[in-house]
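If you want the building blocks of each chain, they are given just below.
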Amino acid sequence: MVLDKLGQSLNNALRKLARASTVDEALVRDVVRDIQRALITSDVNVRLVLELTKKIEKRALEEKPPAGVSKKEHIIKIVYEELTNFLGKEAKPIEIKAKPTILLTVGIQGSGKTTSVAKLARYFQKHGYKVGVVCSDTWRPGAYHQLKQLVEPHGIEVFGNPEEKDAIKLAKEGVEYFRKKGADVIIVDSAGRHKEEKGLIEEMRQISNTINPHEVILVIDGTIGQQAYNQALAFKEATPIGSIIVTKLDGSAKGGGALSAVVATGAPIKFIGVGEKIDDLESFDPKRFVSRLLGLGDIQGLLEKFEELSKEVEFKEEDVEKFLRGKFNLKDMYAQLEAMSKMGPLQQILKMIPGMGYSIPDEMIKVSEARLKKFKVIMDSMTEEELENPEIINYSRIKRIARGSGTTPKDVRELLNQYNQMKKFFKGMDKRKLAKMARKFNVGGFGL
Ligand SMILES: Nc1nc2c(ncn2[C@@H]2O[C@H](COP(=O)(O)OP(=O)(O)OP(=O)(O)O)[C@@H](O)[C@H]2O)c(=O)[nH]1
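Residues numbered from 1 in each chain as written. Predicted model: local features only at pLDDT ≥ 70, side-chain atom pairs only at ≥ 80, totals over all residues. Heavy atoms only, no water.

Going by an unreviewed UniProt entry, the protein chain carries the name Signal recognition particle 54 kDa protein and comes from Thermococcus argininiproducens. A UniProt comment under Catalytic activity (unreviewed entry) is attached to the protein chain, and it reads "GTP + H2O = GDP + phosphate + H(+)". Recorded in UniProt under Subcellular location (unreviewed entry), the annotation for the protein chain is "Cytoplasm". (UniProt positions renumbered as here; feature names shortened; annotations may be inferred.)

Draft legend 1. Spatial organisation of the confidence of the model for the protein chain. Looking at the protein chain as a whole, the pLDDT averages 81, with 78% of positions reaching at least 70. Between residues 302–315, whose pLDDT stays under 50, and residues either more than four places distant or in other chains, the model counts 31 contacts. Within the model, the stretch residues 440–448 combines pLDDT values under 50 with 34 contacts to residues more than four positions away or in other chains. (pLDDT = per-residue confidence, 0-100. Contact = heavy atoms within 4.5 Å.)

Draft legend 2. Broad picture of the side chain of Thr-407. Looking at where Thr-407 falls in the secondary structure, it is placed in the loop between helix H19 (395–405) and helix H20 (409–428). For Thr-407, a relative accessible area of 16% puts it in the buried group. At 2.8 Å, the side chain of Thr-407 forms a polar contact with the side chain of Ser-405. Sequence-distant contacts of Thr-407, that is, excluding residues within four places in its chain, are made with Lys-374, Ile-378, Ala-402 and Val-412. (Helix = DSSP H or I, 4+ residues; strand = E, 2+ residues; numbered from the N terminus. Buried < 20%, exposed > 50% of the residue type's maximum accessible area, 1.4 Å probe, protein only. Polar contact = N/O pair within 3.5 Å; in protein donor to acceptor, adjacent residues only side chain to side chain.)

Draft legend 3. A look at the sheet that holds strand S3 (residues 157–159). Strands sit in the order S3-S2-S4-S1-S5-S6-S7-S8 across an open sheet of eight strands; the sheet is mixed. Strand pairing shows two members of the sheet lacking a second neighbour, S3 and strand S8 (281–283), which therefore form its edges. Strand-to-strand twist in this sheet, taken as the mean axis angle between neighbours without regard to direction, amounts to 25°. In the sheet, strand S6 (residues 241–247) pairs with strand S7 (residues 269–273) via three bridges, with the strands oriented parallel. Across the sheet, residue Val-246 finds its bridge partner in S7, namely Ile-272. (Pairing = 2+ DSSP bridges. Axes fitted to C-alpha atoms, helices over the stretch in contact; angles between N-to-C directions.)

Draft legend 4. Just helix H3 (residues 46–62), in detail. Taking 1.5 Å of rise per residue, the 17 residues of H3 would be expected to cover 24 Å, and the 24 Å separating its terminal C-alpha atoms lies within 8% of that figure. Inspection of H3 places Leu-48, Val-49, Leu-52, Thr-53, Ile-56, Glu-57, Arg-59 and Ala-60 among the buried residues, and these make up the whole buried set. Where H3 is buried, its residues meet helix H2 (25–41), helix H4 (71–86) and helix H10 (255–264). A distance of 2.8 Å separates the backbone nitrogen of Arg-47 from a side-chain oxygen at the start of H3, and that oxygen is part of Asn-45. (Expected span 1.5 Å × (residues − 1).)

Draft legend 5. Representation of the packing of aromatic side chains in the model. Scanning the entire structure with this criterion turns up six aromatic pairs. An angle of 80° between the planes, with centres 5.2 Å apart, marks the rings of Tyr-123 and Phe-124 as edge-to-face. Measuring from ring centre to ring centre gives 6.3 Å for Phe-124 and Tyr-129, while their planes differ by 70°; the resulting arrangement is edge-to-face. Its relative accessible area of 2% is what places Phe-124 among the buried residues. Three or more aromatic residues link up through ring pairs in this structure, and these residues are Tyr-123, Phe-124, Tyr-129 and Phe-271. (Phe/Tyr/Trp six-rings, centres within 6.5 Å; stacked < 30°, edge-to-face > 60°.)

Draft legend 6. Just the site of the ligand, in detail. In the vicinity of the ligand, 19 residues are found, and the nearest of them are Gly-110, Thr-114, Thr-115, Arg-140 and Asp-250. Between the ligand and the protein, one listed contact pairs an oxygen atom with a side-chain N or O atom of Thr-114 at 2.6 Å. Within the side chain of Lys-119, an N or O atom sits 3.2 Å from an oxygen atom of the ligand. Burial of the ligand by the surrounding chains reaches 82%, relative to a free accessible area of 640 Å². Counting residues per element, the shell around the ligand draws most heavily on helix H5 (residues 113–126), which supplies four residues. Across the shell around the ligand, the residue classes break down as two nonpolar, 10 polar and seven charged. (Near = heavy atom within 4 Å. Areas by Shrake-Rupley, 256 points an atom, 1.4 Å probe, with all protein chains shown as cover. Nonpolar A, V, L, I, M, F, W, Y, C, P; charged D, E, K, R; others polar.)

Draft legend 7. Seen up close, helix H11 (residues 286–294). Within H11, burial applies to Pro-286, Phe-289, Val-290, Ser-291, Leu-293 and Leu-294. Contacts from the buried residues of H11 go to helix H1 (4–19), H4, H10 and S7. Where H11 ends, the next residue or the one after it, Gly-295, has phi of about 75°, a positive value.

Draft legend 8. Molecular detail of the nonpolar core. By size, the foremost hydrophobic cluster in this structure holds 73 residues, and its most contacted members are Val-188, Leu-259 and Phe-289. In contact with Phe-289, other than residues within four places in its own chain, are Val-2, Leu-3, Leu-87, Leu-259, Ile-272 and Phe-284. In this structure, Val-158, Ile-187, Ile-245 and Ile-278 belong to the second largest nonpolar core, which totals 26 residues. (Core = buried A, V, L, I, M, F, W, Y, C linked by side-chain atoms within 4.5 Å.)

Now the structure itself:
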């Protein structure tokens, strides 16, 4: 995932909070310090980090949680809200209103600009628009071929001429070409290499004045971290930057720095690049991004989901008891899995519980409907004794059960593995946390 390390450290900080028995001032300060450390390690500007964490600390210590909301939950929400504000608050998509909408992309060489142009073209194509790409990079002859290679397999046309030396002329002709062809979106790629940065910015200004783009998109390399601030500012001063794409967030430890630095210039990030392939572009929504980063899922979604949950799923007291003691048998497991499968992907739900998101092994809870059905068939061929005491199921019983259920010994073993895994996991789990989880499943709500 994008910014894995940062997400993990922030999640650890919240876990500390979720695990604590009481929330006092010392704990709040401790958690805030952890958040500070996580952000600074991710190259976020120290001044920005201090401003942000001061706000979190002040709110966490002073604000009273509304009725029905626990202190821990309230603090988690504050962290979520402040981080979201820090990254620009609202998603700001690129609007395709005029026909054609002309987009000019700029950025220095190596930023991932050419790749991003291709990704953008594909993005708009996937959204149903007819897209044309203009290559006006006269400094790097390879750019035209690179673009063609990236987008032509998807049926997107590129206008360009590697022999032409006049970038402004190329941009103008390209826009005219696609206008006549009835394109909805025309993306113009400009040069990233120049003798000097001044010349690059001047050329960009001239192209911009000639083709009058609806939006100028700056592409910034996410691996440069905080330096993104000066770069964004330099471009912003030269031409009205309407949006920014921060690239290479898939592998960068400094991505947090780049994102926050860009937001600090006041320019909105609209997309992030998350890989080298043409589909590795995500529209940037601070709320969704922070939820994912924290491993919380979407908080609003969480509230709604739990509400639904309390309606749909009823865990009986004694089930929860058994669950907690790791004493449940195959029948119980089936009931639990069935109940959980009703709620949609369980992982998603567990991710929404602070402190849980990173701890559940995927394979343990990925039980597809088809697999559940198979489990049911297998269990129908077991004796009451086996269901209640699965430990007695030896090899000859496995063979008998497989034969009786029309499955294979491997299938039966799979079921037993699932059971053992689940039993072991819940047995080894923090009992208090599990009790809370069980309570949540029972009563709904988001109380910790
Ligand atoms: N991992 C990763 N690599 C990326 C991403 N975006 C671009 N790249 C890689 O970064 C390198 C440079 O990208 P280009 O698209 O050629 O960008 P550029 O150098 O800005 O293009 P020019 O301005 O034409 O010189 C290429 O190897 C890309 O595959 C991304 O989001 N993630």
